[in-house]
Amino acid sequence: IVGGIAADAGQIYYGTKGKHVYALDAATGAQRWQFDTAGEVWAAPTLSNGSLYVTSLDGSLYALDTSGRQKWRFTGAGSGIAAKPVVSGDSVYVGSFDNKLYSVNAADGTMNWSVNSGNWFWATPVVSGGILYAASLDGKVYAVDAATGDPRWDRPFDTGAAIRSGPVIAGGGLIVAARDGKVFKLDPATGAKSDSSPDVLVNTKILSDLTTDGANTVYIVPDSATLFTLDAQNLGAPGSVPLPQ
């Protein structure tokens with residue numbers, strides 16, 4: 001199991017490198033059903049409005065119902081997909097190893113639009129205020145109109161290092177962590193760095209998606225056995241809590 005799980009009131013769902021998606025009874029762990037994909041599953045599935053969205057290295061985005069029946073399958077990506085999909089409104093957004101970010105109709109799996117970058121989209125994107133923010137291994141953060149895919153910034157923000165970690169909205173800004181350990185706060189409207197706060201360096205590689213409490217606190221889990229907490233409102237040196245080895 002490379003990615004995490006999705007859960008509702010009675011079941012948990014996850015995918016595996018064995019090319020399967022499983023549903024288990026949340027109370028007992030008993031298997032409810034198994035769905036076979038054509039490739040390995042590296043990301044946690046996304047559960048939204050009674051549908052389970054699963055990406056695969058076969059280059060597909062699958063939509064299943066909670067009984068394990070396939071509703072549709074998007075095969076328009078030119079390479080494998082290892083990113084976790086994000087659902088907002090009537091669209092599913094996901095990045096691919098063909099250097100493209102896709103918007104897919106949540107009802108039937110048809111493609112709405114795609115945008116290009118200079119490398120893989122592996123990080124989980126985030127949608128806020130009608131804008132989709134997505135980070136790429138080319139080191140840049142892209143902001144596009146969620147409905148059309150049109151750029152919303154004059155240019156992507158360049159962190160100078162590959163980005164594997166999904167950004168978050170917190171403290172009035174877009175918080176982005178590059179793989180080299182640098183953390184940035186950007187103006188969501190313009191993509192400019194916040195003038196009021198310095199960049200943060202946690203001195204260790206960051207790969208996992210950022211998490212926020214929905215207000216000002218951002219949680220960073222880097223390559224080291226340390227959990228960092230960041231006050232996004234007053235960006236500065238982060239606090240840290242050692243994690244069990």
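Bear in mind the structure is a predicted one, so any value in this text is a computation, not a measurement.

Calculation criteria
Residues numbered from 1 in each chain as written. Predicted model: local features only at pLDDT ≥ 70, side-chain atom pairs only at ≥ 80, totals over all residues. Heavy atoms only, no water. Core = buried A, V, L, I, M, F, W, Y, C linked by side-chain atoms within 4.5 Å. Buried < 20%, exposed > 50% of the residue type's maximum accessible area, 1.4 Å probe, protein only. Helix = DSSP H or I, 4+ residues; strand = E, 2+ residues; numbered from the N terminus. Contact = heavy atoms within 4.5 Å. Salt bridge = Lys/Arg side-chain N within 4 Å of Asp/Glu carboxyl O.

Caption draft 1: Fine view of the nonpolar core. Membership of the largest hydrophobic core comes to 16 residues, with the highest contact counts inside it found for Tyr133, Val141, Trp153, Leu174 and Leu186. For this core, the secondary structure elements donating two or more residues are strand E14 (131-135), strand E15 (140-145), strand E18 (173-177) and strand E19 (182-186). With three residues, E14 is the single largest residue contributor to this core. Excluding residues within four positions of it along the chain, Leu186 makes contact with Trp153, Phe157, Gly173, Leu174, Val176, Gly191, Ala192, Lys193 and Ser194. One finds Ala177, Val200, Leu210 and Leu230 within the second-largest nonpolar core, a separate group that totals 15 residues.

Caption draft 2: Highlighting the pattern of salt bridges. Tallying each qualifying case throughout the model produces four salt bridges. Between Arg32 and Asp25 there is a salt bridge, with its nearest N and O atoms 2.5 Å apart. With a relative accessible area of 43%, Arg32 lands in the partly exposed category. The exposure class assigned to Asp25 is buried, which follows from its relative accessible area of 15%. We note a salt bridge from Asp145 to Arg152, for which the minimum N-O separation is 3.3 Å. Accessibility expressed as a relative area gives 39% for Arg152, which makes it partly exposed.

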